[in-house]
Amino acid sequence: MLLTKLALFIIPFWAYLASANQSPVMSKDSNVKEVRILQDFYDKVNNNNYTLVKYYTTWCSHCKKLKPVFDTMSKEHTELDVSALLPTTFFNKTFDKLPKFFDEKVNIDYVSVECEIFGSFEICKRWPGYPVIEFIPPNTETSIQISKSSVKEDVEEEEEMPTWLKVFTKIDEWFTSLFAGSMDLDDVSFVERSYEYKGSRTEPKIKDFISKSIGNDYERLLIDYLIANEDNLSKNDEILKTYREWKQSLSNKFIAVNEILQLLSTEAQTLSETELRDILFQKRILSTLIDLDEQERLRNIKQDEL
């Protein structure tokens, strides 16, 4: 009985390994990579390029209308000059030189995910309907990210297991996770840096969304740079000096956020696009600082309990 059950796991396991060597399917009429193996999806969204992902089903009429737009963009909009797209005004000041997080051009990959295949996994389960377009920046490690510590299993108990049972257990875990959407196979942590598109599905609108998303991603990296180097006096560039002065001028982070919210609710229409973007950036960096303070407070509480 045990051998029969073991065989039921081993056969699909080897079939999976064989299929894992296949590359993502690419249409003859486009440069869109059609994902067939979940690992291929993560290989694409965690590389050094930006990735535009289309989640769809074959029965969805709106998905069918989006396909030619997505296919055309995958052939014509794969490289973008970012020099004119990135913001230069921060903390009410315009800078001639800012930290360089990108080269002059960035590359955009196009990925298509059929959610009839991956519907049991979080990459598709999180969407209420289709199609969905998601823009995912490169997997840039940031210095203020808190790494997740893994909890080790009981080593002594594992060592007492016979080798054949260890192998069987690993295969059992893999087979279960394949259908249960295990986080090992379905880690959606990339959503922390991704942008969902919610406009009309036309080529000009999607291109505009891509441009703005790259600008927003620059701001994300700039926030990390400023916070990480706040106390590093060996770095004393203009943006860092301005950030330090801005932060010192704050009496209270929560009051500052509330003032920004009041400004946005009463005077947003009178602000220029540049001013509005800078105000939203200040709100974004304040939210990050408050979140980091809260994480530090919780760590201290946990340390005191120990």
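Definitions and limits used
Residues numbered from 1 in each chain as written. Predicted model: local features only at pLDDT ≥ 70, side-chain atom pairs only at ≥ 80, totals over all residues. Heavy atoms only, no water. Phe/Tyr/Trp six-rings, centres within 6.5 Å; stacked < 30°, edge-to-face > 60°. Helix = DSSP H or I, 4+ residues; strand = E, 2+ residues; numbered from the N terminus. Buried < 20%, exposed > 50% of the residue type's maximum accessible area, 1.4 Å probe, protein only. Lys NZ or Arg CZ within 6 Å of the ring centre and 35° of its normal. Pairing = 2+ DSSP bridges. Patch = residues over 30% accessible without salt bridge, like charges linked within 9 Å, V, L, I, M, F, W, Y side chains within 5 Å. Areas by Shrake-Rupley, 256 points an atom, 1.4 Å probe, with all protein chains shown as cover. Salt bridge = Lys/Arg side-chain N within 4 Å of Asp/Glu carboxyl O. Lys, Arg positive; Asp, Glu negative; His and termini not counted. Charge placed at Lys NZ, Arg CZ, Asp CG, Glu CD. Core = buried A, V, L, I, M, F, W, Y, C linked by side-chain atoms within 4.5 Å. Axes fitted to C-alpha atoms, helices over the stretch in contact; angles between N-to-C directions. Parallel < 35°, antiparallel > 145°, perpendicular 65-115°, else oblique. Contact = heavy atoms within 4.5 Å.

Novice: Mind laying out the packing of aromatic side chains, listing which residues take part and the relevant values?
Specialist: Taken as a whole, this structure holds 19 aromatic pairs when the rule is applied. Seen in terms of ring centroids, phenylalanine 102 and tyrosine 218 are 6.1 Å apart; in terms of plane orientation they differ by 50 degrees. Their pairing is tilted. Within this pair, whereas phenylalanine 102 is found in the loop between strand 6 (93-94) and strand 7 (105-114), its partner tyrosine 218 is found in helix 7 (residues 203-228), the two being separated by 116 residues in sequence. No difference in accessibility class separates phenylalanine 102 from tyrosine 218, as the two residues are buried. Three or more aromatic residues joined by ring pairs make a cluster, and in this case those are Tyr50, Phe101, Phe102, Phe135, Tyr197, Phe209, Tyr218 and Tyr225. Positioned above the aromatic ring of tyrosine 56, the side-chain terminus of lysine 54 is 5.0 Å from the ring centre.

Novice: Tell me about the pairing of strand 3 (residues 50-56), residues and numbers included.
Specialist: Within strand 3, seven of the seven residues are buried, which leaves it mostly tucked inside the rest of the structure. The alternating pattern of strand 3 places Tyr50, Leu52, Lys54 and Tyr56 on one face and Thr51, Val53 and Tyr55 on the opposite face, and all of these are buried. With seven bridges connecting them, strand 3 and strand 7 associate as parallel partners. Paired with tyrosine 55 across the bridge in strand 7 is valine 113. Pairing analysis gives five bridges linking strand 3 to strand 8 (residues 132-136), with the strands arranged antiparallel.

Novice: Account for a negative patch on the surface, with residues named and values stated.
Specialist: A contiguous patch of negative charge, built from Glu79, Asp81, Asp103 and Glu104, is present on the exposed surface. Looking at where glutamate 104 falls in the secondary structure, it is placed in the loop between strand 6 and strand 7. Overall, glutamate 104 belongs to the exposed group, its relative accessible area being 58%.

Novice: Could you give me a rundown of the nonpolar core, with the residues and numbers involved?
Specialist: By size, the foremost hydrophobic cluster in this structure holds 46 residues, and its most contacted members are Leu52, Ile210, Ile214 and Leu226. Looking at this core, the element that brings in the most residues is helix 7, giving eleven residues.

Novice: How would you summarise the packing of helix 8 (residues 238-248) against helix 10 (residues 273-305) if you had to cite specific residues and measurements?
Specialist: Where helix 8 contacts helix 10, the two axes come as close as 13 Å, and the packing angle between them is 70 degrees. In terms of axis orientation, helix 8 runs roughly perpendicular to helix 10. Residues Tyr243, Trp246 and Lys247 of helix 8 form the contact with helix 10, whose own contacting residues are Gln282, Ile285, Leu286 and Leu289.

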